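These are the residues of each chain, in order.
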Amino acid sequence: MICFSHVNKWYGDYHALVDINAEVKKGEVVVVCGPSGSGKSTLIRTVNRLEEIKSGELLFDGRNVHAPMSSSELNKLRSHIGFVFQSFNLFPHMSVVENVMLSPMRVRGKAKAESHDKAMQLLERVGLANKAGAYPAQLSGGQQQRVAIARALAMEPPAMLFDEPTSALDPEMVGEVLAVMRSLADEGMTMMCVTHEMGFAREVADRVWFMDAGAILEDAPPDTFFNSPQHPRAKRFLSDLRSH
């Protein structure tokens with residue numbers, strides 16, 4: 001579903017992504033972890049071209065994401081890739097249900113009634129149908145993030161990307177967002193998640209990618225990664241986590 005081939009990115013002299021070669025298969029959940037500044041968010045943002053790459057190739061569902069394309073083609077490509085940000089990015093002047101309805105109507109040209117029905121189904125799925133008429137400012141952070149997930153799902157994407165979706169939340173709200181992500185994984189959604197939630201990685205991921213200094217240093221099933229990591233940097237990262 002997602003294939004990185006010799007992907008490199010620089011910010012000026014800073015080599016932010018270093019020769020990335022990796023794959024996320026259809027139906028697979030990959031958790032990307034590592035210390036702050038290791039390139040995790042940069043990596044996931046290249047998948048829907050929020051970050052441009054300097055060299056290499058990145059395929060999403062067989063399509064070269066970084067090939068030359070018009071802005072309308074790029075928007076169409078992005079509409080197929082569900083993206084959930086650290087900050088929820090909901091439109092504050094629109095109700096919850098209107099936030100979820102917007103893209104299917106604007107981008108796909110779906111009828112209002114059909115979009116409304118679909119939005120209500122998705123809000124039910126994330127446990128927020130009773131908040132359809134509320135505005136984002138009336139919701140907790142955890143509720144806003146669940147609305148953001150529903151909004152991404154409204155475009156029926158073949159894959160979902162999560163960029164630290166719980167890091168802006170109070171601790172007691174983290175669980176409700178992870179529960180929605182867990183249910184998506186159970187339903188077979190292809191997912192790539194940048195997260196510090198190691199419990200989620202252990203329970204839900206098919207594979208864990210450990211990054212440092214812009215490179216993937218370890219790519220392993222969770223059991224192997226947590227119990228017998230190979231790379232010295234991964235070992236240090238995990239022992240630091242345990243000591244905290």
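Each remark here, short or long, concerns the structure printed above.
Residues numbered from 1 in each chain as written. Predicted model: local features only at pLDDT ≥ 70, side-chain atom pairs only at ≥ 80, totals over all residues. Heavy atoms only, no water.

**What about the overall build of the protein?**
Broken down by element type, the protein carries nine helices and ten strands. With the C-alpha coordinates of the protein rotated into their principal frame, the extents come out at 55 × 45 × 30 Å. The burial tally for the protein puts 52% of its 244 residues in the buried class. Sequence-distant contacts, at least 24 apart, represent 65% of the contacts inside the protein between residues at least 6 apart. Here the protein displays about 11,200 Å² of accessible surface, and carbon together with sulfur accounts for 49% of that area. Averaged over its 26 positive side-chain charges, the protein has a centre that lies 3 Å from the centre of its 29 negative ones. (Helix = DSSP H or I, 4+ residues; strand = E, 2+ residues; numbered from the N terminus. Buried < 20%, exposed > 50% of the residue type's maximum accessible area, 1.4 Å probe, protein only. Contact = heavy atoms within 4.5 Å. Areas by Shrake-Rupley, 256 points an atom, 1.4 Å probe, with all protein chains shown as cover. Lys, Arg positive; Asp, Glu negative; His and termini not counted. Charge placed at Lys NZ, Arg CZ, Asp CG, Glu CD.)

**Here's the deal with the side chain of Ser95**
Relative to the helices and strands, Ser95 is located in the loop between β6 (81–84) and α3 (96–106). For Ser95, a relative accessible area of 6% corresponds to the buried category. Leaving out residues up to four positions away in the same chain, Ser95 has contacts with Ala132, Gly133, Ala134 and Tyr135.

**A closer look at the sheet that holds strand β2 (residues 14–24)**
With antiparallel pairing, four strands are arranged side by side in an open sheet as β2-β1-β4-β5. Each edge of the open sheet is held by one strand with a lone partner, namely β2 and β5 (63–64). Together, β1 (2–11), β2 and β4 (55–60) form the strand contacts of helix α1 (residues 40–47), whose direction differs from that of β1 by roughly 120 degrees. (Pairing = 2+ DSSP bridges. Axes fitted to C-alpha atoms, helices over the stretch in contact; angles between N-to-C directions.)

**Describing the pattern of salt bridges**
Enumeration over the complete set of coordinates arrives at eleven salt bridges. Two residues, Glu51 and Arg45, come together in a salt bridge whose shortest N-O distance is 3.8 Å. Note that Arg146 and Glu176 form a salt bridge whose closest N and O atoms lie 2.7 Å from each other. Separated by 30 residues along the polypeptide, Arg146 in helix α5 (residues 141–153) and Glu176 in helix α6 (residues 171–186) bring together distant segments of the chain. When its relative accessible area of 11% is taken as the criterion, Arg146 is described as buried. Assessed through its relative accessible area of 26%, Glu176 is described here as partly exposed. Where salt bridges share partners, they join Lys9, Arg45 and Glu51 into one cluster. (Salt bridge = Lys/Arg side-chain N within 4 Å of Asp/Glu carboxyl O.)

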